[in-house]
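The primary structure of each chain is shown beneath.
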Amino acid sequence: MGQTERRSYSQNNQNYRCKKFSDNVNRCGLMDIGCSGLKFTWSNNRQGMSNTMERLDRALCNAEWRTVFPKGAVCNLPRTYSDHSPIMVHTEDNLFSAASNSLTWNKDLIVQYNKTLFQEEVLWFQKSRANWITQGERITKFFHTSAINRRKKLRIDALKDEHGEWINNPLLVKNHIQNYFISLFNSEPVSNLDHWCNITTHKISHDDNNLLLRNISTEEIWKAVKIISAFKAPGRDGFQAIFYHKFWDVIEVNVCDFIKNCFQSKSIPPVVNQTLIALFPKTVIPENIKQFRPISLCNVSYKILSKILVNRIRPLLQDLVGPTQSSFIPGRSTHDNIIITQELIHTLRKKKDLGRYLGVPLIHSRISRNIYNGTIEKIQKKLSSWKAKALSLAGRTTVIQSVSSSIPSYIMQISKLPQSICKQIDKLNRNFLWGDLERRKKVHLVNWKQVCKVKQEGALGLRRAEDQNLALLTKLG
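Counting starts from 1 at the beginning of each chain's written sequence and moves along it residue by residue. The predicted nature of this model means local features are confined to residues of pLDDT at least 70 and side-chain atom pairs, given and counted, to a pLDDT of 80 or more, with totals for whole chains, interfaces and linings taken over all residues. Hydrogens and water molecules were not included; the side-chain quantities draw on all heavy atoms of the structure.

This next bit is on the overall build of the protein. Only runs of H or I of at least four residues qualify as helices and only runs of E of at least two qualify as strands under DSSP, and these elements are numbered from the N terminus. A count of helices and strands for the protein gives 20 helices and 14 strands. Burial classification: accessible surface area is computed with a 1.4 Å probe over protein chains only, and a residue below 20% of its type maximum counts as buried, one above 50% as exposed, and the rest as partly exposed. Across the 477 residues in the protein, those meeting the buried criterion constitute 35%. A separation threshold of at least 6 residues defines the contact pool for the protein, and within that pool the share at least 24 residues apart is 60%. In this description, accessible areas are obtained by the Shrake-Rupley approach with a 1.4 Å probe, and a residue is regarded as covered only by the protein chains that are shown. For the protein, the computed accessible surface area is about 30,600 Å², with 54% contributed by carbon and sulfur atoms. Contacts are residue-level and defined by heavy atoms, with any inter-residue pair within 4.5 Å sufficient.

Pasting the structure below:
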């Protein structure tokens, strides 16, 4: 049970039992189907400060079940006489056809078959958004399961309206979302902008202004195209940046003429400005529309225009933005704000629970492993055993390098983790690498310290958590 699945004023004394349950789920290669409806499924039915609510009831499945029932969903129903909420699992029938084993393959058919497999792999690779996995192995099952899980996570089955009443009808849910954002982003005409004069004391010089207004070159456009992530979600036209990267020699003239014309005419065609809006949940189980974050899915042409503007103004940000702003400015870091806040906490030491700042726990007493349980939970979710079953050793290595090592790196840059936490992270990475599944532990063929040596010495180049922590702390000086 994660930290977001409990609401109580009392301390949770069941951390060990929750960890054992999570470990058993992971060993069995199971995943949480997720749910809609009530966020918590159990209550002690007490009032005031004594009330405790938790999500105890859930449905689990393996990767095979998720593949067979891609639209399978769980609905938490209201409690009646019991202190537990009943849960209902919805499935849909699927028809399967087994391929005949008596086919005689010839050379041309095998080539076509491999081509089809590759196209299928690329399709599910793009849908899964797992861009940290390299292609080259038949891991369509992994991509397929990842895409289904992602789709289920983003699916909105029901929402609470402004009166706290649940809306289940798809059409009413759609209208509710649309009306909310129309009201939120409604604009009013502004005739007087005098109050904007005091926003900043910094001004752009005449020379800097000439640099910003210089003509757009083909090299500048190609530079903007290259820095766009290849497999980011496409816009309305359905094209990803990988298409522009691969076929730039074919489309270069048309794209460059279009971009240059937009800057010269100081206008963008309406079709380019059309954007898809995707809603990403801010919480594990969102209940109302305010718990979703709108994300704009722009087409590549719009991204090229914006990248050019960003590249031109970036060198001037150091002088235009005040010294108290640390994010998105070259040479500055949000870690500076966290360290200053932490120093203030050490000075005050008055409140009992100061929560988190920028995703980092504010420590005002002795450091314990419980402070970093959230980090361990995130790593465990990323290193689910069903992924280990679907990936090869090379694929599992890539997951550890690109996903697991990045989760704790943010907090590692501003605080030294307890040795027990570092050992726990190494253990999770080690077990995932060798594919420990269910109740069967696999043999770890190479010592972990040897695995973490550099590739030039014949190792995999993975990083021990403690070494990574110390290396990142050196950035503080």
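This part is about the packing of helix 7 (residues 218-226) against helix 11 (residues 300-313). Put simply, helix 7 and helix 11 touch, their axes get as near as 9 Å, and they point 105 degrees apart. In terms of their interaxial angle, helix 7 and helix 11 are classed as roughly perpendicular. From helix 7, E220, I221, A224 and V225 reach across to helix 11, where they touch I304, K307, I308, N311 and R312. Residues are sorted three ways: Asp, Glu, Lys and Arg are charged, Ala, Val, Leu, Ile, Met, Phe, Trp, Tyr, Cys and Pro are nonpolar, and all the rest, Gly among them, are polar. For the contact of helix 7 with helix 11, a count of residues per class yields 5 nonpolar, 1 polar and 3 charged. Axis lines are fitted to C-alpha atoms, over the contacting stretch for helices. Their N-to-C directions set the angle, which ranges from 0 to 180 degrees. Oblique is the label for every angle not falling under 35 degrees (roughly parallel), over 145 degrees (roughly antiparallel), or within 65 to 115 degrees (roughly perpendicular).

Further remarks concern empty space enclosed by the protein. By rolling a water-sized probe across the atoms, one finds the places where empty space is left. A pocket here means an open set of points on a 1 Å grid, computed over the protein atoms alone, that has protein on both sides within 12 Å along at least five of seven lines. A cavity is instead a set of points where a 1.4 Å probe fits but cannot get out; residues with an atom within 4 Å of a point line either one. Grid points are joined across faces, edges and corners, and a volume is the space filled by probe spheres set on the points. In total, this model carries 3 cavities of 30 Å³ or more according to the counting rule given. Size it by volume and the second largest cavity reaches roughly 40 Å³. Lining of the second largest cavity is provided by 13 residues; of these, K232, A233, A241, V300 and K303 occupy positions nearest its centre. Residue composition of the lining of the second largest cavity, by class: 7 nonpolar, 4 polar and 2 charged.

The next subject is the pattern of salt bridges. Opposite charge on two side chains permits them to pair, given that their charged atoms come into close proximity. Salt bridges are identified by distance alone: a Lys or Arg side-chain nitrogen within 4 Å of an Asp or Glu carboxyl oxygen. The tally for this structure, following the rule as stated, stands at 11 salt bridges. Here K19 and D23 are joined by a salt bridge, their closest N and O atoms 3.0 Å apart. Pair noted here: K19 and D23 are both in helix 1 (residues 15-27), with a separation of 4 residues, about one helical turn. Here K19 falls in the partly exposed class, since its relative accessible area comes to 36%. The salt bridge partner of R55 is D32, with a shortest N-O separation of 3.0 Å. Here D32 lies in strand 2 (residues 30-32) and R55 lies in the loop between strand 5 (52-54) and strand 6 (60-62), a separation of 23 residues in the sequence.

A few words on the confidence of the model for the protein. Predicted confidence across the protein gives a mean pLDDT of 79, with 75% of residues reaching 70 or more. Scored from 0 to 100, pLDDT reflects the predictor's confidence in each residue. Segment residues 93-106: pLDDT under 50, and 7 contacts once partners within four positions in sequence are set aside and those in other chains are kept.

Looking now at the packing of aromatic side chains. Working definition: a ring pair exists when centres of Phe, Tyr or Trp rings (six-membered ring for Trp) sit within 6.5 Å. Plane angles under 30 degrees give stacked, over 60 give edge-to-face, the rest tilted. The full count for this structure, using the stated rule, is 7 aromatic pairs. Centre to centre, the rings of F181 and F185 are 5.9 Å apart; their planes meet at 10 degrees, and the pair counts as stacked. F185 gets classed as exposed once you look at its relative accessible area, which sits at 55%. Each ring, one from W222 and one from W248, has its centre 5.1 Å from the other, and the planes form 25 degrees; the classification is stacked. Taken together, the positions of W222 in helix 7 and W248 in helix 9 (residues 248-265) put the pair 26 residues apart, joining distant regions of the chain.

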